[in-house]
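Coordinate inspection notes
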Amino acid sequence: MRFINCFLFSFFLFVSFTSFSQQKKVVVAIDAGHGGSDPGHLPNNASLLPEKDLNLAISNLVAEYIDKYLSNVEVVYTRKDDSFVSLDERVDIANKKNVDYFISIHCNANDRAIVHGTETHVHDLKSVKSVRLATILEQEFANRAKRKSRGIKDTKDREHSLQVLKYTEMTSVLIECGFLTNDREAGYLNTVAGQEILASAIFRGFRSFITKEHPTINFLAPKVEGNYSIQIMSSKEPLETDGSAFKHLKYEVIRQEINSTNAYKFRYIVGNFETRDEGKETLEYLQKHGFRDAIIIDTKN
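Scope of this entry: the structure provided in the associated data block. Remember, it's a predicted structure, so these values are computed and weren't measured experimentally. (Residues numbered from 1 in each chain as written. Predicted model: local features only at pLDDT ≥ 70, side-chain atom pairs only at ≥ 80, totals over all residues. Heavy atoms only, no water.)

**Concerning the pattern of salt bridges**
- Scanning all chains against the criterion turns up twelve salt bridges.
- Note that E74 is salt-bridged to K25, the shortest N-O span being 2.7 Å. Of this pair, E74 sits in strand β2 (residues 73-77) while K25 sits in the loop between α1 (2-21) and β1 (26-32), placing them 49 residues apart in sequence.
- A salt bridge links R207 to E252; the nearest nitrogen and oxygen atoms lie 2.4 Å apart. Residue R207 is located in helix α8 (residues 192-213), and its partner E252 is located in the loop between β7 (228-235) and β8 (253-257); the two are separated by 45 residues in the primary sequence.
- For R207, a relative accessible area of 9% gives the class buried.
- By relative accessible area, which is 6% here, E252 ends up buried. (Salt bridge = Lys/Arg side-chain N within 4 Å of Asp/Glu carboxyl O. Helix = DSSP H or I, 4+ residues; strand = E, 2+ residues; numbered from the N terminus. Buried < 20%, exposed > 50% of the residue type's maximum accessible area, 1.4 Å probe, protein only.)

**Side note on the sheet that holds β7**
- Spatially, the four strands line up as an open sheet ordered β8-β9-β7-β10, and their pairing is antiparallel. Of all the strands in the sheet, just β8 and β10 (295-298) have a single pairing partner and so form its edges. The sheet shows a mean angle of 45 degrees between the axes of neighbouring strands, direction not considered.
- In this structure, β8 lies alongside strand β9 (residues 266-273), joined through five bridges in antiparallel fashion. Of the residues in β9, the one forming a bridge with R255 is Y268.
- Across the face of the sheet, helix α9 (residues 280-288) comes into contact with β7, β9 and β10 while running at roughly 25 degrees to β7. (Pairing = 2+ DSSP bridges. Axes fitted to C-alpha atoms, helices over the stretch in contact; angles between N-to-C directions. Contact = heavy atoms within 4.5 Å.)

**So, the nonpolar core**
- Counting residues in each nonpolar core, the largest one holds 46 residues, and the members touching the most others are V28, I66, V73, C177, I202, F206 and I210.
- Broken down by secondary-structure element, the contributors of at least two residues to this core are β1, α2 (51-69), β2, β3 (101-108), α4 (128-143), β6 (171-179), α7 (183-189) and α8.
- Those residues in contact with V73 that lie beyond four places of it in its chain are V26, V28, I66, F206, I210 and F219. (Core = buried A, V, L, I, M, F, W, Y, C linked by side-chain atoms within 4.5 Å.)

**Notes on the packing of α4 against α8**
- One can describe the packing of α4 onto α8 by two numbers: an axis separation of 8 Å at closest approach and a directional angle of 140 degrees. Taken together, α4 and α8 sit at an angle that is classed as oblique. Judged by the twist between their axes, the crossing of α4 over α8 is right-handed. Every residue of α8 that contacts α4 at K129, R132, L133, I136, L137, E140 and F141 is listed here: L198, A201, I202, R204, G205, F206, S208, F209 and E213.
- In the contact of α4 with α8, the residues fall into nine nonpolar, two polar and five charged. (Parallel < 35°, antiparallel > 145°, perpendicular 65-115°, else oblique. Left-handed = near helix turned anticlockwise from the far one by under 90°. Nonpolar A, V, L, I, M, F, W, Y, C, P; charged D, E, K, R; others polar.)

**Regarding the side chain of E252**
- In terms of polar contacts, E252 uses its side chain to reach the side chain of R204, at 3.4 Å.
- There is a polar contact of 2.4 Å between the side chain of E252 and the side chain of R207.
- Setting aside residues no more than four positions away along its own chain, E252 makes contact with Y69, F203, R204, R207, I269 and V270. (Polar contact = N/O pair within 3.5 Å; in protein donor to acceptor, adjacent residues only side chain to side chain.)

Here is the structure:
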């Protein structure tokens, strides 16, 4: 009997290790909170968007960044438009699709208008991976997005559980991007720039997390599909695209190695455009934010 138990245990370890080592991609569910007949929280100013619309805008940007800048990551949506999806359906989508990570995106509210900042929620602080992901996300909000981080919250902090965290069978977090009851923060959330900065922080946090969790998967292979990008600089030695040189930009920066006899072996590009005209607005932004020599380049030649 001891031999059989030992054999079964060894077999289980072998199967588990083989499954892990053969994983070639990860699947993430992006969950835009509320939707349809459920508006979520409402801002004090009726001219601003309700929570459901902001959740969807930020969620779609996060998914867009993942699709554009990461390889070997599949995105599953709980909703892609203004439709109502029940909490049970959201949980079922994630569990039945066997996703590895679940990221639910929301905006917050409070009786006190002075309260502002981001929060990332987990079901339980004993959920090690969820806490690790939440920690990285809040660091991105504070350090890159320059938002006030209110930290990580769990069931004890909320004094109630959240269905999409309690019943999903994978590493799960729920992000509160800011408070609609704070007029200044509501205004920020209603700007395209604010949504892009928050989405970029979520994307960067997720990228940093999965890169460490799955060291055998190549997530960073650049995807260049259009004809043009914007080169903002070049360097002799490789610079980290998360470093201080690019930290203030709202756009993702990709480093490419150049096959050249020139001393400058690396270039740093932003965007992916079908025509030069499509890149002009982004070029103007980059030139105003410290990269005066930025130029539109033909990436196909």
